[in-house]
Number of protein chains: 2
Amino acid sequence: MSVCFVLVNPQMGENIGFVARAMANFALQDLRIVNPRDGWPNVAANAASSGAFVEGGVQCQVFDTVQDAVSDCHLVLATTARERTQAKQVYGVREAAQNIFQRKQSGLKSAILFGAERSGLSNESISLAHGIITFPVNSQFSSLNLGQAALLVAYELFQSQDDEGELLPFVSHFGSPPAPHAMLAHFMQNLQNELVAKHYFMPADKAEIMQQNLQALIMRMDLTEADVKTLFAVVNSLRNDRG
Amino acid sequence: MSVCFVLVNPQMGENIGFVARAMANFALQDLRIVNPRDGWPNVAANAASSGAFVEGGVQCQVFDTVQDAVSDCHLVLATTARERTQAKQVYGVREAAQNIFQRKQSGLKSAILFGAERSGLSNESISLAHGIITFPVNSQFSSLNLGQAALLVAYELFQSQDDEGELLPFVSHFGSPPAPHAMLAHFMQNLQNELVAKHYFMPADKAEIMQQNLQALIMRMDLTEADVKTLFAVVNSLRNDRG
């Protein structure tokens, strides 16, 4: 299971079922739900899934936070309908699928984040992603819903396997494997603690946006495991008052 | 409007609305409905369309027969979930989109047929098509519904415009434009009349399948306008008892 779909704060169970159905149609089985409004399990989700949780083999896990849901993933991409202010790599659906497939070939796991039905993903959730997936739609009429967005991503992931011969396995440019998300999160938490101690996040009403910007900066760097170890050492060195 | 979606005997208005929404998302506007179970206009279709018939600009026409619905089209492709016995060219969704786009570049119109929710397209409807579109899905779990199938076709049609540079306009191999469907239908009707007069379609309980096979054979030939004129002359010549 090298790709997971992560639904963040989904509202209607029916839509969770549609996503599971789309996943099963294209042989995906790892569904993760963060803080679903109506709890889990959900009768409406089962009804709409057309058996995706049974015959389709879709496994569903529930998490409290996005961070927990993606901790074992090496590439996290956030789906968004609108332009976002965060500076991140932007992928079309097909291009995203090819990137994910390349990583799969190297044994690396990817996550796709989908936001709540009306509000989409929060800036905080997006800041946890390495990049953004946008959908090529009619600029005059764009009303893709959650199930439709999931269907298109699942379809392109399945298709990308057909292009297998043309795609080379993903190789980090820097001779070390990409850092799993949990390693990045651990580093970020450590960095934040240090910065809080130094009163970096001031004034208080700007603290949240400052943290998000820092998080987004780190995610954009596509850090390898070796990079994170290096940065850990740098931060530890800096905080050392005796330095 | 060089591509139309044709829904044959659709049952739930909601699904017609989902199809219209998928079309509008990808800038398609020519929707044709053959013999909808619940008539037209349809309140449920409007509700599910998210405004596709208004802001999305989707135009809907109702027809009594598939033949009427596709009479101005030069390429007719039937979507099917199962293997079919009729010998026809089979396209994946992406490949179909590229073929349609090439024809569009040459001013030729294409139609995609979608069957009723449960039963799909009848063999009779499929016999009117030049080829078949299949969806690459998980062989262990395949439950694409009408709205999902339409979304994938619409998405690939929209995507194919991005590949424009790589695709050459469609050129008939035979120096004459492809025959529009109405011309083929006229020829088929004439041929059938002649054959009925000659008691070709016997025994009576095989007549329907014999007609479908003949229709499928004609559609598979990708006839140009010049070809049809030639065949008309051949048939006329053959039926002439003084020959």
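See the structure above.
Bear in mind that the values here come from a model prediction, so they are computed numbers and not experimental data.

Focus on the environment of Ala 47 of chain A
Residue and element names in this part refer to chain A.
Thought 1: Mapped onto the secondary structure, Ala 47 falls in helix α2 (residues 43–48).
Thought 2: Judged by its relative accessible area of 64%, Ala 47 falls in the exposed class.
Thought 3: Considered as a pair, Ala 47 and Phe 63 are 16 residues apart in the sequence and their alpha carbons are 22 Å apart.

Points about the pairing of strand β1 (residues 3–8) of chain A
All names here are of chain A.
Thought 1: Across the six residues that make up β1, a large majority, six, are buried.
Thought 2: Side chains of β1 alternate between two faces, with Val 3, Phe 5 and Leu 7 and Cys 4, Val 6 and Val 8 buried alike.
Thought 3: For β1 and strand β2 (residues 30–34), the ladder comprises five bridges, and the chain directions are parallel. Across the sheet, residue Val 6 finds its bridge partner in β2, namely Arg 32.
Thought 4: You can see the chain leave β1, run along helix α1 (residues 13–25) and come back into β2, and the turn it takes is right-handed.

A closer look at the environment of Val 43 of chain B
Thought 1: Along the chain, the position of Val 43 of chain B falls in helix α2 (residues 43–48).
Thought 2: Expressed as a C-alpha distance, the spacing of Val 43 of chain B and Gly 17 of chain B, which sit 26 residues apart in the sequence, is 9.4 Å.

Section: the nonpolar core
Thought 1: In terms of nonpolar packing, the biggest core is built from 79 residues, with Phe 5, Leu 31 and Phe 114 of chain A together with Phe 5, Leu 31 and Phe 114 of chain B touching the most fellow members.
Thought 2: The contact partners of Phe 5 of chain B, leaving out residues within four places of it in the chain, are Val 19, Met 23, Leu 28, Asp 30, Leu 31, Arg 32, Ile 112, Phe 114, Ala 150, Val 153, Ala 154 and Leu 157 of chain B.

Topic: the pairing of strand β6 (residues 110–114) of chain A
Residue and element names in this part refer to chain A.
Thought 1: Across the five residues that make up β6, a large majority, five, are buried.
Thought 2: Here β6 shows a buried face lined by Ser 110, Ile 112 and Phe 114 and a second buried face lined by Ala 111 and Leu 113.
Thought 3: With five bridges joining them, β1 and β6 adopt parallel strand pairing. Bridging across to β6, Phe 5 finds its partner in Ile 112.

Some details on the relation of the copies chain A and chain B
Thought 1: Once turned by 179° and shifted 0.0 Å along the axis, chain A lies on chain B with an RMSD of 0.1 Å. Taken together, these values place the two copies in the relation of a two-fold axis.
Thought 2: Counting the interface residues of chain A, we find that 100% of their copies in chain B are interface residues as well, pointing to one common contact surface.

Thoughts on the packing of aromatic side chains
Thought 1: What the rule picks out here adds up to 13 aromatic pairs over all chains.
Thought 2: Ring geometry for Phe 5 of chain A and Phe 114 of chain A: centres 5.0 Å apart, planes at 55°, overall tilted. Taken together, the positions of Phe 5 of chain A in strand β1 and Phe 114 of chain A in strand β6 put the pair 109 residues apart, joining distant regions of the chain. Judged on exposure class, the residue Phe 5 of chain A and its partner Phe 114 of chain A are both buried.
Thought 3: Ring centres 5.5 Å apart and planes at 75° place the aromatic pair Phe 187 of chain B and Phe 232 of chain B in the edge-to-face group. Taken together, the positions of Phe 187 of chain B in helix α7 (residues 181–197) and Phe 232 of chain B in helix α9 (residues 225–239) put the pair 45 residues apart, joining distant regions of the chain. No difference in accessibility class separates Phe 187 of chain B from Phe 232 of chain B, as the two residues are buried.
Thought 4: Through successive ring pairs, a cluster of aromatic residues spans Phe 26, Tyr 155 and Phe 158 of chain A together with Phe 26, Tyr 155 and Phe 158 of chain B.

Considering the pattern of salt bridges
Residues and elements named next belong to chain A.
Thought 1: Counting across every chain of the model gives 14 salt bridges over all chains.
Thought 2: Close ionic contact of Lys 109 with Asp 72 constitutes a salt bridge, the shortest N to O distance being 4.0 Å. With Lys 109 in the loop between α4 (93–105) and β6 and Asp 72 in the loop between α3 (66–69) and β4 (75–79), the pair connects residues that are 37 residues apart, well separated along the chain.
Thought 3: Shared partners join several salt bridges into a network, and the residues in it are Asp 30, Arg 32, Asp 72 and Lys 109.

Details of the packing of helix α7 (residues 181–197) of chain A against helix α8 (residues 207–220) of chain A
A pair of packed helices can be characterised by two numbers: the angle between their axes and the separation between those axes.
Residue and element names in this part refer to chain A.
Thought 1: The geometry of α7 relative to α8 is characterised by a closest axis approach of 11 Å and an angle of 140° between their N-to-C directions. Here α8 runs oblique to α7, going by the angle between their axes. When the axes of α7 and α8 are compared, the crossing they make is right-handed. Residues His 181, Leu 184, Phe 187, Met 188, Leu 191, Gln 192 and Leu 195 of α7 form the contact with α8, whose participating residues are Gln 211, Leu 214, Gln 215, Ile 218 and Met 219.
Thought 2: Of the residues contributing to the contact of α7 with α8, the split by class is eight nonpolar, four polar and no charged.

A word on the sheet that holds strand β3 (residues 59–63) of chain A
What links the strands of a sheet is backbone hydrogen bonding, and the strands pair in either a parallel or an antiparallel sense.
Residues and elements named next belong to chain A.
Thought 1: Read across the open sheet, the seven strands follow the order β3-β2-β1-β6-β4-β7-β5; overall the sheet is parallel. Edge positions in the sheet fall to β3 and β5 (89–92), since each has one partner strand and no second. Strand-to-strand twist of the sheet, defined as the mean angle between neighbouring strand axes without regard to direction, takes the value 25°.
Thought 2: Of the strands in this sheet, β1 and β6 are in contact with helix α6 (residues 146–160), which crosses β1 at around 170°.

Structural notes on the interface of chain A and chain B
Thought 1: Taken together, the contact pairs 30 residues of chain A with 30 residues of chain B.
Thought 2: Counting the surface lost from both chain A and chain B, the interface buries some 2,700 Å², and carbon and sulfur atoms represent 55% of this.
Thought 3: Viewed at the interface, chain B and chain A are joined by two salt bridges.
Thought 4: Glu 156 of chain A is paired through a salt bridge with Arg 94 of chain B; the nearest N and O atoms lie 2.8 Å apart.
Thought 5: Those elements giving two or more residues to the side of chain A that touches chain B turn out to be α1, α4 and α6 of chain A.
Thought 6: A per-element tally of the side of chain A that touches chain B places α6 of chain A first, with seven residues.
Thought 7: Split into classes, the residues belonging to the side of chain A that touches chain B amount to 14 nonpolar, 11 polar and five charged.

Cut-off values and rules
Residues numbered from 1 in each chain as written. Chains lettered and ligands numbered in written order. Predicted model: local features only at pLDDT ≥ 70, side-chain atom pairs only at ≥ 80, totals over all residues. Heavy atoms only, no water. Helix = DSSP H or I, 4+ residues; strand = E, 2+ residues; numbered from the N terminus. Buried < 20%, exposed > 50% of the residue type's maximum accessible area, 1.4 Å probe, protein only. Pairing = 2+ DSSP bridges. Right-handed = clockwise from strand over helix to strand, strands pointing away. Core = buried A, V, L, I, M, F, W, Y, C linked by side-chain atoms within 4.5 Å. Contact = heavy atoms within 4.5 Å. Least-squares fit on C-alpha atoms with pLDDT ≥ 70 in both. Phe/Tyr/Trp six-rings, centres within 6.5 Å; stacked < 30°, edge-to-face > 60°. Salt bridge = Lys/Arg side-chain N within 4 Å of Asp/Glu carboxyl O. Axes fitted to C-alpha atoms, helices over the stretch in contact; angles between N-to-C directions. Parallel < 35°, antiparallel > 145°, perpendicular 65-115°, else oblique. Left-handed = near helix turned anticlockwise from the far one by under 90°. Nonpolar A, V, L, I, M, F, W, Y, C, P; charged D, E, K, R; others polar. Buried area = accessible area lost by both parts, 1.4 Å probe.

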